[in-house]
Amino acid sequence: MSIVIGTSYVWNIMAATAMGLQAAAFSGCASRQKARLDLPHSAEVGSRATEKLSDDENDEFSRFQKVHQAHTEYLPLAQSSVLLAGLFYPKLSAYAGLGYIVGRLVYSVAYIKCGPDGRMYGAALVCPSIVTMLGASLYGCFKALSIV
């Protein structure tokens, strides 16, 4: 089996780019939250700089930071998966990438607004999307190696 990169692979590139832009946007939200709360750029959840915050402000700051961390943790996996799976199954992985983007948006907004319980709505889209992209990538590799 040979790998042919067709024009439909552009959707995978667009999905990976959108994932990066989305992560950057929520990173900006977290930075603006620090500025709004008059915290130094280096402030982290539980740091000495956050001791001056009220409980509500600390909770809000924590939610923004958790959303930023979630984007940062999954971004390499999501981007590489959509690009690698796209070599074998460009349409399937592009749709899964779209599911990831929408799920991550729902996850982030719901987490910020509702706290940790709100993230489950987005996780219901994020997790199957990641599994689909990883599965498509592995299956494509196995198929190319004539293992299956």
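Residues numbered from 1 in each chain as written. Predicted model: local features only at pLDDT ≥ 70, side-chain atom pairs only at ≥ 80, totals over all residues. Heavy atoms only, no water.

Engineer: Go over helix α3 (residues 90–114), please, and point to the residues and values.
Structural biologist: Over its 25 residues, α3 extends 35 Å from the first C-alpha to the last, a length consistent with the 36 Å expected when each residue adds 1.5 Å. G115 sits one or two residues past α3 and shows a positive phi near 90°. (Helix = DSSP H or I, 4+ residues; strand = E, 2+ residues; numbered from the N terminus. Expected span 1.5 Å × (residues − 1).)

Engineer: For the packing of aromatic side chains, give the residues involved together with the corresponding values.
Structural biologist: Under the definition given, this model contains two aromatic pairs. Just above the ring of Y107 sits the side chain of R104; from NZ or CZ to the centre is 4.7 Å. (Phe/Tyr/Trp six-rings, centres within 6.5 Å; stacked < 30°, edge-to-face > 60°. Lys NZ or Arg CZ within 6 Å of the ring centre and 35° of its normal.)

Engineer: Lay out the nonpolar core with the relevant residues and their values.
Structural biologist: Grouped together as the largest cluster of nonpolar side chains are 13 residues, with contacts concentrated most on M19, A78, V82, Y100, I101, I130 and M133. Residue assignment for this core shows that the elements contributing at least two residues are α1 (10–36), α2 (55–88), α3 and α4 (119–144). A per-element tally of this core places α1 first, with four residues. Among residues more than four places away in sequence, those in contact with V82 are N12, A15, A16, M19, S93, G97 and M133. Listed in part, the eight residues of the second largest apolar core include F26, A70, Y107 and I112. (Core = buried A, V, L, I, M, F, W, Y, C linked by side-chain atoms within 4.5 Å. Buried < 20%, exposed > 50% of the residue type's maximum accessible area, 1.4 Å probe, protein only. Contact = heavy atoms within 4.5 Å.)

Engineer: Report on the packing of α2 against α3, specifying residues and quantitative values.
Structural biologist: Where α2 meets α3, the axes come as close as 9 Å, and the angle between the chain directions of the two elements is 175°. Regarding the angle of α2 to α3, the classification is roughly antiparallel. Its residues placed into classes, the contact of α2 with α3 shows 14 nonpolar, five polar and three charged. (Axes fitted to C-alpha atoms, helices over the stretch in contact; angles between N-to-C directions. Parallel < 35°, antiparallel > 145°, perpendicular 65-115°, else oblique. Nonpolar A, V, L, I, M, F, W, Y, C, P; charged D, E, K, R; others polar.)

Engineer: Run through the pattern of salt bridges, naming residues and quoting values.
Structural biologist: Oppositely charged side chains can form a pair if their charged atoms are brought close together. Under the defined criterion, the tally for this structure stands at three salt bridges. Here K52 makes a salt bridge to D38, at a shortest N to O gap of 3.7 Å. Of this pair, K52 sits in the loop between α1 and α2 while D38 is found in the loop between α1 and α2, placing the two residues 14 residues apart along the sequence. Of the two residues, K52 and D38, both sit in the exposed class. (Salt bridge = Lys/Arg side-chain N within 4 Å of Asp/Glu carboxyl O.)

Engineer: Go over unusual backbone geometry with me, naming the residues and quoting the values.
Structural biologist: Although it is not a glycine, D38 sits at a positive phi angle of roughly 55°. Judged by relative accessible area, D38 falls into the exposed class, the value being 59%. Not every positive phi belongs to a glycine, and S146 is a case in point at roughly 60°. In this structure, S146 sits in the segment after α4. Residue S146 is classed as exposed on the basis of its relative accessible area, which comes to 62%.

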